[in-house]
Amino acid sequence: MDKLFLIIPAYNEQDTIGMVIDQWYPVVEKTGPDSRLVIINDGSRDNTYEIMRKYAETRPQFIPLTKPNGGHGPTVLFGYRYAIENEADYIFQTDSDGQTDPAEFGDFWKRRERYDAVLGSRVTRGDGKDRKFVENTVCFLLQIIFGIRVPDANAPFRLMKTELVRKYIGIIPEDFNIPNIIFTAFFVYRKEKVRFLEISFKPRQGGTNSIDFRKICKIGLKAVGDFRTMKKEVDKL
């Protein structure tokens, strides 16, 4: 039976983390007894981790982890490496803010054998026009630098074969801010078997948004140089 590790980073989500666990834990149970829900507390300043530990007492397939604050991207990479080290067959990543719908996971899971990665595409977004503008800009940059077209580079709803993540993660710095974007770029650029599926995307249900628009713009400017560097690295593989 396939072993899925469902990876979720969390930061200051004490108001919603219980809801997120309740929503996603049944997904892990249905995929098999060796699958795990792995939520990584990224140095929250509230009671997020304490709540996670309490929930784990009655949910044997839930693994609560904690680490010093490093940001969303490095925490995602931390989770991916944890899944690789624990020999997961598949990695699924989503976020802890309640914007994605667990009911849509099934459509991704049933396509796991036909594709190396099944990635979400947010046609309608509940997180505002600013975020949509940033996403469009990122996709434009990927087109210019990598010569690829993608409908959504950074959706936090992605199912990937672990062997595919392992193939590329070694060339991504541990403190990289936007790993899902660069994974998407690598997959499409290297012509891996990728399928984009439309997903819904609700407004944030609570918690703290750790990246405001100013930070997004700063990360975006840095991304131009990062994308060029990463393209040189992936061309060496």
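Structural data are supplied above this passage.
Note that the structure is predicted; figures quoted are calculated from it, not measured. Residue positions are given per chain, counted from 1 along the sequence in the order it is written. This being a predicted model, a pLDDT of at least 70 is required before a residue's local features are given, and a value of 80 or more before pairs of side-chain atoms are given or counted; all residues contribute to the totals for chains, interfaces and linings. Side-chain measures here rest on the full set of heavy atoms in the structure, leaving out hydrogens and waters.

### Regarding the pairing of strand 5 (residues 117–122)
Right, so step 1: In this scheme, a residue with accessible area under 20% of its type's maximum is buried, one over 50% is exposed, and one in between is partly exposed, where area comes from a 1.4 Å probe on protein chains only. Secondary structure is summarised from DSSP: a helix means a run of H or I of at least four residues, a strand means a run of E of at least two, and numbering begins at the N terminus for each. When you tally the buried positions in strand 5, you get six out of six residues, the bulk of the element.
Right, so step 2: Of the two faces of strand 5, both are covered, the one formed by Ala117, Leu119 and Ser121 as well as the one formed by Val118, Gly120 and Arg122.
Right, so step 3: Direction of pairing for strand 5 relative to strand 6 (residues 157–161): antiparallel, over a ladder of three bridges. The partner of Val118 across the bridge, within strand 6, is Leu159. Strands are treated as partners if at least two bridges between them are detected by DSSP.

### Concerning the side chain of Gln93
Right, so step 1: Tracing the chain through its elements places Gln93 in strand 4 (residues 90–94).
Right, so step 2: Definition of a polar contact: a pair of N or O atoms within 3.5 Å, with one able to donate and the other able to accept a hydrogen when the atoms are protein atoms, and with sequence-neighbouring residues admitted only if both atoms are side-chain atoms. Side-chain polar atoms of Gln93 contact the side chain of Asn180, separated by 2.8 Å.

### Some thoughts on the environment of Val188
Right, so step 1: You can see Val188 is positioned in helix 7 (residues 179–189).
Right, so step 2: Put simply, Val188 and Gly147 are 41 residues apart on the chain and 9.7 Å apart in space, counted from C-alpha to C-alpha.
Right, so step 3: Here, two residues are considered to be in contact whenever any of their heavy atoms come within 4.5 Å of each other. Leave out the neighbours within four places in its chain, and Val188 touches Ile148, Arg149, Val150 and Phe196.

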